[in-house]
Amino acid sequence: MRWLFESGFFASHPVHVACLVGSIVAVVSGVVGVFTVMRGQSFAGHSLADVATAGGSGAFLVGISPLFGFVAGGVVGAGAMEAIGVRRARGRDLATGIVLGASIGLAALFLYLSTTESSTTGASQQILFGSIFSTVSSTVPVVAIFSVLCLGIMALVYRPLLLSSVSTDMAAARGVPVRVVALLYMVALALAVGLSSLAIGAILSTALLIGPAAIALRLTKRIGWAMMAASLSGVVAVLAGVLLAYDSYYWSPSHASWPVSFFIVVIVFLGYLATELPFVSTAVTRQRRPATSDASEAHR
Amino acid sequence: MSPQPEAARQILEVEGIGVSLSGRQILDNVSFSVRAGEFTGLIGSNGAGKTTLLRVILGLERPSAGRVLVLGAPRGRRNRSMGYVPQKIMLDPDMPLRARDLVALGIDGTRFGIPLPSRQRREAVDEMLHAVDAEGFADARVGTLSGGEQQRVLIAHALIGRPQLLLLDEPLANLDLKSGQEVVTLLDRIADEQQIAVLLSAHEMNPLLPVMDRIVYLAGGRAASGTTDEVVRDDVLSALYGYEVHVHTLHGRILVVAGPMEQPGLPSDPTLRVI
């Protein structure tokens, strides 16, 4: 096993922190991500990441942990999208696009100021593409608090959210406060995106949110299991990514480690491709005979 | 189907409902009532206001006039006495929700927090799946089911909360004739066995004729209600539509035709419109 675990891997403090933070983030992303994929809100998740970018780069500029910026940006963005995009899907789409454009503009300004005024060259790299190895230990409790908050919200709204994901009207007719539930879910999504941005960068954060969830939905037809499978595949991707990034230091003579986020995203992508393999997908999808009594479906 | 005693309980009273959306009058002074164990068809062509009326009854839409009484009281937002089956749900085949999960959401889907596994709950779900003949696909993802199968699962979802009134929005619209007939027979049996009132909207009344106790006929935002014989008549429908229409009966099927009366038999004028 010496060839896999380069010397010092298990003793390195940054590796410990990276593995811990990465695993927590992967679990949160897996749980939230299943609902994101199910509700077809991958685009909303990506947009929140863009808003989080503005927050994160702002936080970097004023010198506090980008995590606070990511989360604050995401939550404000979630609120704004929910408030502007009332009712119609078209309105929601439009609102999302507008909020998104403005926030990327802000991020561009903040990152520019960070690089020019304080001559910190790593700003763009750290905010946009992540830097899990430079996470300081003092961030861990904050990560834990945000994670507990996010999972707590998901546990609270689990059933009403599931019901409104099936049909908003059905849920509303039975007295579910659908808008409150949707807003709470958006806050949980913003928290997950913020945490994921810390681990693999704001631009790539959706990969950890959507990828493992998409893999899980291929493998199981029960939502609880899907959440567990998504969390587990996320954790595997993060840990393997950390290991490979650590090892990559020794790969080239110039000793330049490749970014962790690159490895995590590639592993998630390969995992998703693997579920496309014929023998994997038929095992789950062959659960039903083709529909027989649906001749008139095409009419509508 | 069996004739109800005159004193059967009023489950739903719709009194003078009017709805106007952006200046257009969708519903105008619509009144009717539904009693326990009755099967009522809400009949009207597309755009007649059927969905709007159902949404008002469910409390999803606020009427500009009139009121809705459920079990004699104005309905609150949380009304467990009504079950609702929407026209169509868009579920991805990938959505990890089995038919039995959707039925279980009918029991406690509105509650906050995570459900604990419960044997009683599982048995109730099994029983309801059996009642709607959905055992064969209980463990399949809802998104992979055919229209008729989904309809039965949604009916089970609505019924498991033990409602006294079941509202269905165009349940036959996406079904072929045979599946439609199965759903109608199922609903009739349930209405009889559990003594619940069924209010079902449809644009075609013929599939419902064998089971319908009462009809609410919507046209131009106004409604006529009563038994089929009382409502589906030349004079009543002409008054409702505001122009002359005729009711023809052909082999037990009813055709409502606009325009002046032709000689008996099939309409010969190609410009005649079948409504």
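For the structure given in this document, a descriptive report is provided here. (Residues numbered from 1 in each chain as written. Chains lettered and ligands numbered in written order. Predicted model: local features only at pLDDT ≥ 70, side-chain atom pairs only at ≥ 80, totals over all residues. Heavy atoms only, no water.)

The subject of this paragraph is the interface of chain A and chain B. The interface of chain A with chain B comprises 39 residues on the first partner and 47 residues on the second. Interface area for chain A against chain B, summed over the two sides, is near 3,900 Å², with a carbon-plus-sulfur share of 54%. At the boundary of chain A and chain B, one finds 2 salt bridges. Put simply, Asp169(A) and Arg55(B) hold a salt bridge, and the shortest N to O gap is 2.7 Å. Taken together, chain A and chain B are joined by 11 residue pairs in polar contact (both at pLDDT 80 or more). Counting residues per element, the ones that place at least two in the side of chain A that touches chain B are α6 (139-166), α7 (168-173), α9 (205-219) and α10 (223-248) of chain A. Counting residues per element, the side of chain A that touches chain B draws most heavily on α6(A), which supplies 10 residues. Classifying every residue of the side of chain A that touches chain B gives 21 nonpolar, 7 polar and 11 charged. (Contact = heavy atoms within 4.5 Å. Buried area = accessible area lost by both parts, 1.4 Å probe. Salt bridge = Lys/Arg side-chain N within 4 Å of Asp/Glu carboxyl O. Polar contact = N/O pair within 3.5 Å; in protein donor to acceptor, adjacent residues only side chain to side chain. Helix = DSSP H or I, 4+ residues; strand = E, 2+ residues; numbered from the N terminus. Nonpolar A, V, L, I, M, F, W, Y, C, P; charged D, E, K, R; others polar.)

This part covers the packing of α6(A) against helix α8 (residues 178-200) of chain A. Residues and elements named next belong to chain A. It is at 8 Å that the axes of α6 and α8 come closest, and there the two elements cross at 145°. Crossing of α6 over α8 shows left-handed handedness. Taking contact as the criterion, the partners of Thr139, Val143, Phe146, Ser147, Leu149, Cys150, Ile153, Met154, Val157, Pro160, Leu161 and Ser164 in α6 are, on α8, Val178, Val181, Leu184, Tyr185, Val187, Ala188, Leu191, Ala192, Leu195 and Leu198. Looking at the contact of α6 with α8, its residues break down into 19 nonpolar, 3 polar and no charged. (Axes fitted to C-alpha atoms, helices over the stretch in contact; angles between N-to-C directions. Left-handed = near helix turned anticlockwise from the far one by under 90°.)

Residue and element names in this part refer to chain B. Pairing between strand β11 (residues 245-250) and strand β12 (residues 253-258): 6 bridges, direction antiparallel. Looking at the pairing, valine 245 lines up with alanine 258 of β12. Taken together, β11 and the strand that follows it, β12, pair antiparallel across an intervening segment of 2 residues, in which histidine 251 is found at a positive phi of about 50°. (Pairing = 2+ DSSP bridges.)

From the geometry alone we can't say anything about function, so treat these as descriptive.
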